[in-house]
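Chain and residue survey
For reference, the chains in residue letters:
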Amino acid sequence: MTQKEEIAKNIQSIKKENRAYKFTLVAVSKTKPNEFVMEAYNSGQRDFGENKVQELLPKFEELPKDILWHFIGHLQRNKVKLIIPFVHLIHSVDSLRLMKEINKQALKEDKIIDCLLQLFIAKEETKYGLDEDELKGILDDHLEKFKNVNVKGLMGMATFTEDQSIIDSEFRYLKEKFDAIKKDYTLPNLNMDILSMGMSHDYQIALKNGSNMLRIGSTIFGARN
């Protein structure tokens, strides 16, 4: 069986093996050719994730228009306007300045953009995300002013490690923050129903800790190019 032929089988395996959990599967198609995306699409997959705007734009143009495109990477402010017309969910709001820009560009398009706030939960400086003070500042002082942004939940990336106890504690922390925000805040544009955590190497730990959205690439499409 070729790598291409295995894609549909891999998607079904992930869903079947984890059928005790309710989650949205985002197939991370970064670096993968359109023919691979279409293999997944033809098996019924509709949610796809990309982490570079320059890769996402041609895929949006060339692939079916009912695909739900998730932007999952670090988003530069000067690229926001390019994806606002069609993006389904931005997972990676990691600064107040980025949120301001998303709101500004969404207002120009007369759209409300669904976003997740990305928290820094890992032990790796290379990862992006808000710290606790930045998160609190956005929720307390700024979010309500951004009428064209709808915060749907949180996203986080755990440390890339073989030590499952570290991953478990980081995901548990993110779930605690998610639950606390749901309990403590009532804002018109804060509708917390998505907890996006878990990738190919750690998604089962994420599910056990309450994730309801997985971002999975290599387990579906094969090793990254």
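Just so it is clear, the model here is predicted, and its values are computed rather than measured. (Residues numbered from 1 in each chain as written. Predicted model: local features only at pLDDT ≥ 70, side-chain atom pairs only at ≥ 80, totals over all residues. Heavy atoms only, no water.)

A few points about the overall build of the chain
- The number of helices and strands found in the chain is nine helices and eight strands.
- For 225 residues, the compact-globule estimate of 2.2 N^0.38 gives 17 Å, and the C-alpha radius of gyration of the chain, at 17 Å, lies within 12% of that figure.
- Principal axes of the C-alpha set define a box for the chain whose edges measure 55 × 40 × 30 Å.
- Of all 225 residues assigned to the chain, the portion counted as buried reaches 50%.
- In the chain, the share of contacts with a sequence separation of at least 24, taken over all contacts with a separation of at least 6, comes to 61%.
- Working note: accessible area of the chain is about 11100 Å², and carbon and sulfur atoms make up 48% of it. (Helix = DSSP H or I, 4+ residues; strand = E, 2+ residues; numbered from the N terminus. Rg over C-alpha atoms; globule rule 2.2 N^0.38 Å. Buried < 20%, exposed > 50% of the residue type's maximum accessible area, 1.4 Å probe, protein only. Contact = heavy atoms within 4.5 Å. Areas by Shrake-Rupley, 256 points an atom, 1.4 Å probe, with all protein chains shown as cover.)

Thoughts on the packing of helix α6 (residues 132-142) against helix α7 (residues 164-184)
- Orientation of α6 relative to α7, taken along the N-to-C sense of each, is 20°, at an axis distance of 13 Å. Looking at the two axes, α6 sits roughly parallel to α7. As α6 packs across α7, the resulting crossing turns out to be right-handed. On α7, the residues that touch Glu 132, Leu 135 and Leu 139 of α6 are Tyr 173, Lys 177 and Ile 181.
- A breakdown of the residues in the contact of α6 with α7 according to their chemical character gives four nonpolar, no polar and two charged. (Axes fitted to C-alpha atoms, helices over the stretch in contact; angles between N-to-C directions. Parallel < 35°, antiparallel > 145°, perpendicular 65-115°, else oblique. Left-handed = near helix turned anticlockwise from the far one by under 90°. Nonpolar A, V, L, I, M, F, W, Y, C, P; charged D, E, K, R; others polar.)

Considering a positive patch on the surface
- A surface patch of positive charge is lined by Arg 77, Arg 97, Lys 100 and Lys 145.
- Take Arg 77: it is sitting in the loop between β3 (68-71) and α4 (80-83). (Patch = residues over 30% accessible without salt bridge, like charges linked within 9 Å, V, L, I, M, F, W, Y side chains within 5 Å. Salt bridge = Lys/Arg side-chain N within 4 Å of Asp/Glu carboxyl O. Lys, Arg positive; Asp, Glu negative; His and termini not counted. Charge placed at Lys NZ, Arg CZ, Asp CG, Glu CD.)

So, the layout of surface pockets
- By volume, the second largest pocket is sized at about 150 Å³.
- Considering the residues around the second largest pocket, the lining is formed by Glu 132, Leu 135, Lys 136, Leu 139, Lys 177, Ala 180, Ile 181, Asp 184 and Tyr 185.
- The set of elements that each furnish at least two residues to the lining of the second largest pocket consists of α6 and α7. (1 Å grid on protein atoms, 1.4 Å probe; cavity = no way out; pocket = protein on both sides within 12 Å on 5 of 7 lines; lining within 4 Å. Points joined across faces, edges and corners; volume = space filled by probe spheres on them.)

Looking at helix α5 (residues 96-108)
- Helix length check: α5, at 13 residues, gives a terminal C-alpha distance of 19 Å against a target of 18 Å (1.5 Å per residue), a fit within 8%.
- Once α5 finishes, Asp 110 follows within two positions and takes phi at roughly 55°, a positive value. (Expected span 1.5 Å × (residues − 1).)

A closer look at the packing of helix α1 (residues 3-17) against helix α2 (residues 34-42)
- Two elements in contact, α1 and α2, have axes whose closest approach is 8 Å; the angle formed by their N-to-C orientations is 35°. The two elements α1 and α2 meet at a crossing, and its hand is right-handed. On α2, the residues touching Gln 3, Lys 4, Ile 7 and Ile 11 of α1 are Glu 35, Phe 36, Glu 39 and Ala 40.
- Residues of the contact of α1 with α2, tallied by class, amount to four nonpolar, one polar and three charged.

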